[in-house]
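Spelled out from the first residue to the last, the chains are:
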Amino acid sequence: MPSTTPPVFLVEELPAGPHVVLGGEEARHAATVRRMRAGERLVVSDGRGSAAECLIEVVRPGREPVLDLAVSQRWSEPEPSPRVVVAQALAKGDRGELAVELATEAGADEILPWRAERSVVRWEEGPRGAKALARWQNTARAAAKQARRAWVPPVREPVTTAQLADAVSGAACALVLEGSAARRLTELELPSSGDVLLVVGPEGGITDGELTALGAAGAVGVRLGPTVLRTSTAAAVALGALGALTARW
């Protein structure tokens, strides 16, 4: 990836060829919010590793602005290895969205909303649950752009503890962040590839039953340090540690 960091705009598909036409909400943000003009540079990405740095040739104003772009260079970024999947317990207020924002900026590769027993918030089936999920997805998208990431982490449908245990079984390594755990994250031998599943509990903590179920599926309880972290910040701190302890960084 180039050393400079122009703003990133997302498209469904990155077209081939020397020119890109940027429209829709991304064009409105570039032209109206950021007030970008001809001669400035930006990056267009599909959010799945492919990106292109472009020069704005023409800004066509109006209710639906359109930007005509000339491609300067293209590149493709592989996913980090190992991948980190964050299972984030649902949290009240805006703490869940803050957790997604920070985890995305710290490098999370996938996010699983978890319906933990002590989660105050309940994402019910139907429009309200879909709206809550969309907020998390939009948060991840915005945070990935802010962090100049070529990969936008998908936010999946919420999972139950039983479904999370199934995900634990399929991961190369599964870690449950638990302040009372005997083992420290720095004591573990981490995989060089595959998925590291990072489980973050709700404000009220993970129940004994949940710990038992996840442990039976192969998860290991770990602590990050001597302090207690909020559910909104725990994943980001752990991702920083995993970046340093593996080849991700």
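If you look the protein up in an unreviewed UniProt entry, it shows as Ribosomal RNA small subunit methyltransferase E from Amycolatopsis endophytica. The annotation that UniProt attaches to the protein under Sequence similarities (unreviewed entry) is "Belongs to the RNA methyltransferase RsmE family." For the record of the protein, the UniProt heading Catalytic activity (unreviewed entry) holds the text "uridine(1498) in 16S rRNA + S-adenosyl-L-methionine = N(3)-methyluridine(1498) in 16S rRNA + S-adenosyl-L-homocysteine + H(+)".

Caption draft 1: Main features of the side chain of Glu210. Residue placement: Glu210 occurs in helix H5 (residues 208–216). Here Glu210 occupies a buried position and makes no salt bridge, while the nearest side chain of opposite charge, Arg118, is found at 6.4 Å. Polar side-chain contacts of Glu210 include one of 2.6 Å to the backbone nitrogen of Glu117. Among residues more than four places away in sequence, those in contact with Glu210 are Trp114, Ala116, Glu117 and Thr161.

Caption draft 2: Up close: the domain arrangement of the protein. Once the domains are mapped, the protein shows domain 1 (8–76) and domain 2 (83–245). Taking only C-alpha atoms into account, the centre of domain 1 sits 32 Å from that of domain 2. Each side of the interface is counted separately: domain 1 has eight residues, and domain 2 has seven residues. When domain 1 packs against domain 2, close to 770 Å² is buried across both sides, 55% of that on carbon and sulfur atoms. Summed over the three residues of domain 1 that lose the most area to domain 2, namely Val8, Leu10 and Gly47, the buried surface amounts to 59% of that side. Between domain 1 and domain 2 we count one salt bridge in total.

Caption draft 3: Local environment of unusual backbone geometry. Each neighbour pair has its own omega, and for Ser81 with Pro82 the value is 0 degrees, a cis peptide bond. Topologically, Pro82 is positioned in the loop between strand S5 (66–76) and strand S6 (83–89). One non-glycine residue, Arg35, lies in positive phi territory at about 55 degrees. Look at Arg35 and you get exposed, because its relative accessible area is 57%. Of note, Arg148 is a non-glycine position whose phi angle comes to about 60 degrees, a positive value. Secondary-structure assignment places Arg148 in the loop between helix H3 (127–146) and helix H4 (161–170). Exposure remark for Arg148: the relative accessible area of 25% places this residue in the partly exposed category.

Caption draft 4: Expanded view of the pattern of salt bridges. Under the counting rule described, the total for this entry stands at 16 salt bridges. The partner of Arg83 in a salt bridge is Glu79, with the nearest N and O atoms 3.1 Å apart. Under the relative-accessibility criterion, Arg83 is labelled buried at 17%. Judged by its relative accessible area of 32%, Glu79 is partly exposed. Salt bridges sharing partners connect three or more residues here, namely Glu79, Arg83, Glu110, Arg156 and Asp195.

Caption draft 5: How the structure looks around the UniProt feature "domain: Ribosomal RNA small subunit methyltransferase E PUA-like" (unreviewed entry) in the protein. As annotated by UniProt and renumbered to match this structure, "domain: Ribosomal RNA small subunit methyltransferase E PUA-like" (unreviewed entry) occupies residues 22–58. From the first C-alpha to the last, residues 22–58 spans 11 Å; its make-up is 27% helix and 41% strand.

Caption draft 6: Here's a closer look at a nonpolar patch on the surface. Residues Leu224, Leu229 and Val237 make up a contiguous nonpolar surface patch of about 210 Å² in total accessible area. The residue Val237 is located in helix H6 (residues 231–245) in this model.

Caption draft 7: Molecular detail of the nonpolar core. Core analysis: the biggest nonpolar cluster contains 28 residues, and Val84, Val86, Trp136, Leu175, Leu177, Leu198 and Leu242 have the highest contact counts within it. Contact partners of Leu175, with chain neighbours within four places excluded, come to Leu185, Leu188, Leu190, Val196, Leu197, Leu198, Val199, Val220, Val222 and Leu242. With 19 residues, the next largest nonpolar core counts Leu112, Val159, Leu197 and Ile206 among its residues.

Caption draft 8: Layout of the packing of helix H2 (residues 95–106) against H3. Across the interface, H2 lies against H3 with an axial gap of 8 Å and an inter-helix angle of 35 degrees. For H2 against H3, the interelement crossing comes out right-handed. Contacts between H2 and H3 involve Gly96, Glu97, Val100, Glu101, Thr104 and Glu105 from the first element and Arg135, Trp136, Thr139, Ala140, Ala143, Ala144 and Gln146 from the second. Classifying every residue of the contact of H2 with H3 gives five nonpolar, four polar and four charged.

Caption draft 9: Looking closely at the sheet that holds strand S4 (residues 50–60). Judged by pairing direction, the sheet is mixed, and its five strands sit side by side in the order S1-S3-S4-S5-S2 without closing on themselves. Looking at strand neighbours, the two that pair on one side only are strand S1 (8–10) and strand S2 (19–22), the edges of this open sheet. Neighbour-to-neighbour, the strand axes of the sheet open up by a mean angle of 40 degrees, direction not taken into account. As paired elements, strand S3 (residues 41–45) and S4 share five bridges and run antiparallel to each other.

Thresholds applied
- Residues numbered from 1 in each chain as written.
- Predicted model: local features only at pLDDT ≥ 70, side-chain atom pairs only at ≥ 80, totals over all residues.
- Heavy atoms only, no water.
- UniProt positions renumbered as here; feature names shortened; annotations may be inferred.
- Helix = DSSP H or I, 4+ residues; strand = E, 2+ residues; numbered from the N terminus.
- Buried < 20%, exposed > 50% of the residue type's maximum accessible area, 1.4 Å probe, protein only.
- Lys, Arg positive; Asp, Glu negative; His and termini not counted.
- Salt bridge = Lys/Arg side-chain N within 4 Å of Asp/Glu carboxyl O.
- Polar contact = N/O pair within 3.5 Å; in protein donor to acceptor, adjacent residues only side chain to side chain.
- Contact = heavy atoms within 4.5 Å.
- Domains from an automatic or database assignment.
- Buried area = accessible area lost by both parts, 1.4 Å probe.
- Patch = residues over 30% accessible without salt bridge, like charges linked within 9 Å, V, L, I, M, F, W, Y side chains within 5 Å.
- Areas by Shrake-Rupley, 256 points an atom, 1.4 Å probe, with all protein chains shown as cover.
- Core = buried A, V, L, I, M, F, W, Y, C linked by side-chain atoms within 4.5 Å.
- Axes fitted to C-alpha atoms, helices over the stretch in contact; angles between N-to-C directions.
- Left-handed = near helix turned anticlockwise from the far one by under 90°.
- Nonpolar A, V, L, I, M, F, W, Y, C, P; charged D, E, K, R; others polar.
- Pairing = 2+ DSSP bridges.

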